Amino acid sequence: MPKNKGKGGKNRKRGKNEADDEKRELIFKEDGQEYAQVMRMLGNGRCEATCIDGVKRLCHIRGKMHKKVWIAAGDIILVGLRDYQDDKADVILKYMPDEARLLKAYGELPENTRLNEGIAGGLDEEDEGAGDDYIEFEDEDIDKI
């Protein structure tokens, strides 16, 4: 029987989350970077995001964030643009909801950006027709059935 020489299993690694509730300094975009909103997660450390400049890009989650920072659809992220591939980018940072609200207040994000929506964009059409599910029947209609 081999001896266990490690410091623990995967549960020990899962317990690490040092700077989750800590306040951090707000990071703004620089040259070669862009703000984006995640449209959907694709798996394999990738996601599809719509950048603020209007381009849809395939984004790769960098190794430092992989399995440590969870990214979901609708999150605001900072992506690093590639010089040689315009349709691909690398996720540099995920903004917390309060940081995203601050970015919007500072004018970094456009006013039509929807925050904390789950799935970004396209929700207006579905919300308006939500009241049409209720169908009212007359007593005569029930007797015919």
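In the annotation of an unreviewed UniProt entry, the chain is listed under the name Eukaryotic translation initiation factor 4C and assigned to Linum tenue. According to UniProt, the comment filed for the chain under the heading Sequence similarities (unreviewed entry) is "Belongs to the eIF-1A family." Of the comments in the UniProt record for the chain, the one headed Function (unreviewed entry) reads "Seems to be required for maximal rate of protein biosynthesis. Enhances ribosome dissociation into subunits and stabilizes the binding of the initiator Met-tRNA(I) to 40 S ribosomal subunits."

Okay, the packing of aromatic side chains next. In the structure shown here, the tally under the stated rule is 2 aromatic pairs. Taking 6.0 Å as the distance between ring centres and 50° as the angle between the ring planes, the aromatic pair formed by F28 and Y106 counts as tilted. Taken together, the residues span a long stretch of sequence, with F28 in the loop between α1 (10-14) and β1 (33-43) and Y106 in helix α2 (residues 97-106) at a distance of 78 residues. On the basis of relative accessible area, F28 is assigned to the partly exposed category, the value being 34%. Residue Y106 is classed as exposed on the basis of its relative accessible area of 53%.

Right, let's get into the nonpolar core. Across soluble globular proteins, you tend to see nonpolar side chains buried next to one another. By size, the foremost hydrophobic cluster in this structure holds 13 residues, and its most contacted members are A36, C59, I71, I77, V79 and V91. Going through the elements one at a time, β1, β2 (46-51), β3 (56-61), β4 (76-81) and β5 (88-94) are the ones with two or more residues in this core. Ranked by the residues each element gives to this core, the list is headed by β2, at 3 residues. The residues touching I77, leaving out its near neighbours within four places in the chain, are E34, Y35, A36, V38, A49, I71, V91, L93, K94 and Y95. In this structure, I76, L78, Y95 and L115 belong to the second largest nonpolar core, which totals 10 residues.

What follows deals with the sheet that holds β3. The strand order around the closed barrel formed by 5 strands is β1-β2-β3-β5-β4, and the pairing between neighbours is mixed. Strand-to-strand, the axes of this sheet are offset by a mean angle of 50°, without reference to chain direction.

Now for the environment of K88. Relative to the helices and strands, K88 resides in strand β5. Classification of K88 by relative accessible area gives partly exposed; the value is 29%. C-alpha of K88 to C-alpha of E48: the two residues are 40 residues apart in sequence and 9.3 Å apart in space.

Bridge count between β1 and β2: 6 bridges; the pairing is antiparallel. Along β2, the bridge assignment pairs Q37 with T50. Remark: 2 residues form the turn of the hairpin made by β1 and β2, two consecutive strands paired antiparallel; N44 in that turn has positive phi of roughly 60°. Looking at chain direction, β2 and β3 are connected through 5 bridges and run antiparallel.

Moving on, we get to the side chain of D75. Within the fold, D75 resides in the loop between β3 and β4. By relative accessible area, D75 is classed as buried at 18%. Reaching out from D75, the side chain makes a polar contact with the backbone nitrogen of A72 at a distance of 2.8 Å. Other than its neighbours up to four places away in sequence, D75 contacts A36, Q37, V38, W70 and K94.

Analysis parameters
Every residue gets a number counted from 1 within its own chain, in the order that chain's sequence is written. Local features in this predicted model are restricted to residues of pLDDT 70 or higher, and side-chain atom pairs are both shown and tallied only at a pLDDT of 80 or more, whereas totals for entire chains, interfaces and linings draw on every residue. To obtain the side-chain values, all non-hydrogen atoms of the structure were used and water was disregarded. UniProt positions are given in the numbering used here, feature names are shortened, and annotations may be inferred rather than shown by experiment. Aromatic rings from Phe, Tyr and Trp, with only the six-membered ring used for Trp, were paired whenever their centres fell within 6.5 Å, and each pair was classed as stacked if the ring planes differed by under 30 degrees, edge-to-face if by over 60, and tilted otherwise. The helix count covers DSSP runs of H or I at least four residues long, the strand count covers runs of E at least two residues long, and both are numbered beginning at the N terminus. Per-residue accessibility, obtained with a 1.4 Å probe over protein chains only, is compared with the maximum for each type, and a residue is labelled buried under 20%, exposed over 50%, and partly exposed between these values. Side-chain atoms within 4.5 Å are what join buried Ala, Val, Leu, Ile, Met, Phe, Trp, Tyr and Cys residues into a set we call a nonpolar core. Note on definitions: a residue-residue contact is assigned when non-hydrogen atoms from the two residues lie within 4.5 Å. Think of it this way: DSSP has to see at least two bridges between two strands before they count as a pair. Here an angle of 0 to 180 degrees is reported between the N-to-C directions of two axes, which are lines fitted to C-alpha atoms, with helices fitted over the stretch in contact. In protein, a polar contact requires one atom able to donate a hydrogen and another able to accept it; more generally it is a pair of N or O atoms within 3.5 Å, and residues adjacent in sequence count only if both atoms are side-chain atoms.

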